[in-house]
Each structure stands twice: as C-alpha cells, then as structure tokens.
Amino acid sequence: MSRRTDYNTLPTGEHSLQDEEAISATGEGDEEMEDAEQEEDGYSSSTPTSTLTWITWFCSLPGHEYFCEVAEDFIEDDFNLTGLNVMVPFWKEAMEMVLDMEPDEDTSKIPDVSIVEASAELLYGLCHQRYILTRAGLQAMVDKYEAGIFGSCPRVYCNGCNVVPCGRSDLPGLDTVKLFCPNCNDIYTPPSSRFQGVDGAFFGTTFPHLFFQSYRELAPAPFYKPSSPSSTSPRSSASSSSNQPPFVNPNPYGGQKRAAGKVYVPKIYGFRVSERAKSGPRMQWMRLRPENPEELDLVDWRGHWIGEDDHYDGEEPADEDRPMEDFDPVGDIARIASSYNLSAYVRPGCA
Amino acid sequence: MEEVSTGSGSDYSNSWISWFLSSKGNEYFCEVEEDYILDRFNLTGLNTEVQHYAQALDMITDNLDEEIQDDLRGNLDLQARLLYGLIHARWIVTARGLAKMLEKYKRADFGRCPRVLCQSQPLLPVGLTDVPYEKSVKLYCGRCEDIYSPKSSRHGSIDGAYFGTSFPHLLFLVYPNLIPPKSGPVEFGLNPRASDLEGSRRRRVREEQEAQAESVGEAGSTAAVALKADRYRPRIFGFQVNEVAKLQRWQEAVRDKQISRLEELEANGAM
C-alpha cells in the first residue's frame, strides 16, 4: 500500500497558513510544481515499474497535483463503487489497471490499451470524488491544503487565502476543475493551463464545502471588523496585531478563522467613485461582511431586512421582478384589506 | 524585468521606448507619445522623484550622450524605467493615453478575470497607490469590480504606481458604454447597440434616432445591474451551507438596499 501513512498531527491552522502565504506570495509554489513536473518526465508510458503503483504514478503526473492517493481498500470495496460501473467502459480491465492486478489471459478483445487507460483514469477520478468526502480522504486533502498544493486565491484582498479544488458538476465530461476560495466564497480558474485537462467531477461539487465544515478552523468567519479604527498609523496597527484577542465565532458550527474582509474601493485622483456615477461601484456587496455576527440575523430567510418598511415599493413596476414580497403580518393585513376594499369598489364598476 | 540594457541609442536602431515595450514582462505598458514626453509641463514634479533626472529623460528620448560613465549607466537604466513608468501613469489618464490602453484592453493584453463567473472578462491594470516602490500592479475586473494579482510573477513585480489608482475607473467614466455587462459572454465594440438589438426589432424600428436613444438609455441606467450578476452558491449534496447561505442572503439584502437607493435617486433625477 503506497498511501502516505506519515500523517502528522494536524498543525494549528493559523500557524501553517502563514507559512503558505509566504510561499505563494513569492510565486514559488508554481515553480515548485514545475520542478515536480520535470522529475516525472521519465514516466512517459503507463506501465509503471514494479515498485510504483498505478495510483502513485497517476497522482505524480503533471497536472495531477490536486489528486490525493485513494486508498486501495476503498476501491476494492464494491459498496463504495455503487453505480460507477455503468459510467466506466471496460470496467474490469480499468479496475485491474488501477489496482495493479495481473490482467486475465484473454485481453485480446480490447482493441487498444489507451482505451483502458482512459477508463482507468475515469474510474480513478470518480472513486476520488467519493473518497475525498470520507474521513481519510478529507485528511489526505487537508495535508495537501496546508502544504499549499492547491495554490492561493488570486483576489488581492483575500490575502493569499489557500483554495481547494472544486467541480461545477458531479458528472464527468462537463467542466474542468476550478478552485474554491473559502474567504470570498467564489470559484476561480486554476492559474496554470496544465489543469485544463482535469475533470472537475473528479473533485465534485460537495467536497470544498464538506472540507470547510469538517475543518472549521480553516474556514473564514462571515463577519469582519477592521482590527483597529486608527490602523492608519503604523504604530497602532503593529501593537494591535501583537495583542489581538483570540478570534471567536459565536456560531460553533461556523468558520473559526478571522476573515480577510477588506473590499476594494475604486478611486479617481484619490476620491472614491460615487455610486451615483453610471460607472460607480455596484458589486461591493458581493465581498462585504457585516462587522458583527448579529447583523446577519437582520435579514430573514427570504433575504429581506427584518422590520423595515421601506421595501413596500411593490406598486412600482420596476420592483415586479422581486422574487417575493415582504411578509409583515400587520403591514400586509392592512394592505390586503385595502386591496380587497378597492377591488370591491372597482369590479362592479368595470362590469 | 532584470535584463541589462547595454546601452541605448548607439546599439539600437529602435528607440529606447520601443526597446522597453518589447522587453519581456513589459506587456502591460503602452507607448507614450514623444510629444507628451517632450512637453515639460507634463513632467512637472517628476524631477524630485527620479535621480539623474536630466540624463534619464535623455535616455528615454534617445538623446543620451555616449560619453556617460559606466558606473552611472546601471543606475541610469533603473532611473529611466522609473521615469518612463511615472510618465506612463500620467499619460494613460489623458484622452489619447486612454485610447491607447483601450486598444490593449480589447486585445486582452492584461489577461482575463480568473473568477469563473466573469466568463473571461478582460482586465485592466491598476495601482493601489500612486507612490512608487510601495505596491505591485494589480488587475481590475470591470465585471466583478474586484482586483486580482497577475498570474505571472514577471508581471507581479511591476510597480503599481506606473499605472496609478485612477486609470481603470477613469476609463469607464469616459467610456460608459464599455462598462461590461454583469452576465453573459464578453463582447466588445464601442457601440454595443448593434448586438443588443434583435434584428427583427431593428427592421421594425427604422428611425436611427430611436435606436440611439435606447442605447443611451441602456448605458444610462446602471442602478439595478447588480441583479444580473451570477454568483457561486456553495452546496453540500445539493443543500446550501448554512453559514455561507446566511452571509450571501445578507450580502444580497445589502445589494437590494443599494438598488432601491439608486432607483430612488434616479427617479428624483439626482443621478
């Protein structure tokens, strides 16, 4: 069994993340990968040497840096593969290839070994999608995450927050792998073109979110308060960073990491561009966080501010495309009553 | 960026500026017209920012004396780049400079937005400060209105002050019909009207004036464009993630508040 077994105990998220930020800031992460690429150039065929398993070889190929090694006993358990056999052609042969089993005598029915290779890749990818949702798989991925293998968010104000691979679909053949940033909750195209051949379904749509639910200390919290109001002076910001109180999210099921919450403010000659300008800012909401967690509760489950009346502008045609109207018992009953009265007057007149 | 120039003027048939623009890593820069550089008014104050100002200026305008000492030359090359960068920052916010950068923008010379839902929207360079030697250049996306680090480290080391904090915002202020739509594929052209209007409609509405009015109206109201923006929704086995969903609802409520505020301003004629 070739899977890495030297799992160290989980280092504290804060500490190791700072190390990775330093790496990604200099862009060395990318060069490191290119070195790995060159090392693996020797393996040009899919016939691994006796000491190297197919899985280890596959994960070491250039562009396969995001994959972790799926435990062989996971693949050997048929229950884990339920339903996959209808999606993978040459199932048996692909299985033999992935698990390095001696093929049966009559391989003559397979026209070309490259077809089996493609099947083996598909089989491994779909197993991988399921495996990384298991405890062992999440653990393997968190090791890669903390080593910065997946890279960091390209958004400037995410401050180099590490990202995880992500699919936009769970079905293979639809879209390539993307990267999910837990700080801005958005997805990005991998910076290197060598990931453009990797199917997003091999990581799946669920993995990033289950990952950050499982490792809450790695997930940024949904609120952000600038560390000190007078942080413009270097002296005060230095002192506040040294004696900052430990970060706590009152929601125990939420992200426990201090968020990188700065939002870009466009300026012309030092003056903020007004939202009244046609080209003024329209998208800051997408990156905004409330200062306090309680503010999140000011919005109800339909996305409306609780207890605010100025949203009753439903009469204006411009607001017709709002998904739902506010439901405020008192206000609505008054409105409904008035509309009934009105219709009672209007209908007989019209008829 | 670190290529050593062995000299300018004598060894190069081309000008210093065309040599500079063709060097690897300088793809974001556009050509500053010589007339602009030669007008000393445009360079006001730069003599305090650049050492050996006079020689650096001579260097970029190909008037440098051959008899320059070698120990000065290395530093002079750096100072010439600094001077060109600072002139560049001023040039690209002029009408002609904006037009030159617009051509580069249309060719996507500055790269495309890494955000998946921006659908490869071309980017524009922007600085976080106008003071040199502080922050490297960033890239602004007009669709998500956010800034990103350049993919390549050779662009990541360019000084942001050579582009300035104002440039992309001034560009969209001057060319409001180039403000990218918040959804749909990327399209270009100074006049998006032709592609926006369906052919049948154009046949019906013969008067060019009316079409013109509609295009102006389209570029005119941007109060509610945020509603069209796509956003990614994290899901576990198809179910939204509680805390993230809560944050996204809050963010969208902030968005709706801004939209009603802007629509009210628009209705009152204050925009």
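Scroll up a little and you will see the structure.
About the thresholds
- Residues numbered from 1 in each chain as written.
- Chains lettered and ligands numbered in written order.
- Predicted model: local features only at pLDDT ≥ 70, side-chain atom pairs only at ≥ 80, totals over all residues.
- Heavy atoms only, no water.
- Helix = DSSP H or I, 4+ residues; strand = E, 2+ residues; numbered from the N terminus.
- Buried < 20%, exposed > 50% of the residue type's maximum accessible area, 1.4 Å probe, protein only.
- Areas by Shrake-Rupley, 256 points an atom, 1.4 Å probe, with all protein chains shown as cover.
- Contact = heavy atoms within 4.5 Å.
- Patch = residues over 30% accessible without salt bridge, like charges linked within 9 Å, V, L, I, M, F, W, Y side chains within 5 Å.
- Salt bridge = Lys/Arg side-chain N within 4 Å of Asp/Glu carboxyl O.
- Buried area = accessible area lost by both parts, 1.4 Å probe.
- Lys, Arg positive; Asp, Glu negative; His and termini not counted.
- Charge placed at Lys NZ, Arg CZ, Asp CG, Glu CD.

Colleague: Help me understand the overall build of chain A in this model?
Modeller: Assigned secondary structure in chain A consists of ten helices and five strands. Considering chain A as a whole, with its 351 residues, one finds that 44% of them fall into the buried category. In the structure as shown, chain A presents an accessible area of about 18,900 Å², 55% of it carried by carbon and sulfur atoms.

Colleague: Help me understand the overall build of chain B in this model?
Modeller: The helix and strand inventory of chain B stands at eleven helices and five strands. Counting the 271 residues in chain B, one finds 49% classified as buried. Within chain B, contacts between residues at least 6 apart in sequence are counted, and of these 61% link residues at least 24 apart. When the accessible surface of chain B is summed, it comes to about 13,000 Å², and 49% of that surface belongs to carbon and sulfur atoms.

Colleague: Looking at this structure, how should I read a nonpolar patch on the surface?
Modeller: Residues and elements named next belong to chain A. Taken together, Val86, Met87, Leu171 and Leu174 make up a surface patch of nonpolar side chains, about 420 Å² in accessible area. Checked against the element boundaries, Leu171 lands in the loop between strand E1 (164-166) and strand E2 (178-181). Taking the relative accessible area as the measure of exposure, Leu171 reaches 52% and is therefore exposed.

Colleague: It is not clear to me how the interface of chain B and chain A should be interpreted in this structure. Could you clarify?
Modeller: Often the size quoted for an interface is simply the accessible area lost on bringing the parts together. In this complex, chain B contributes 63 residues to the contact, which on the side of chain A involves 62 residues. Summed over both partners, the interface of chain B with chain A buries about 5,700 Å², with 60% contributed by carbon and sulfur atoms. At the junction of chain B with chain A, the criterion picks out five salt bridges. Residue Lys246(B) pairs with Asp297(A) through a salt bridge whose shortest N-O separation is 2.7 Å.

Colleague: In this structure, what is going on with the environment of Leu81(A)? I would like to understand it.
Modeller: All names here are of chain A. Within the secondary structure, Leu81 sits in the loop between helix H4 (72-76) and helix H5 (91-98). In the structure, Leu81 is positioned 49 residues away from Arg130 in sequence and 8.6 Å away in space, judged by C-alpha atoms. With residues up to four places along the chain from it excluded, the contact list for Leu81 reads Ile75, Trp91, Met95, Cys127 and Arg130.

Colleague: Any chance you could explain a positive patch on the surface here in plain terms?
Modeller: There is a patch of like positive charges on the surface, built from Lys262(A), Lys267(A), Arg272(A) and Lys135(B). Here Arg272(A) shows up in strand E5 (residues 271-272). A relative accessible area of 64% means that Arg272(A) is categorised as exposed.

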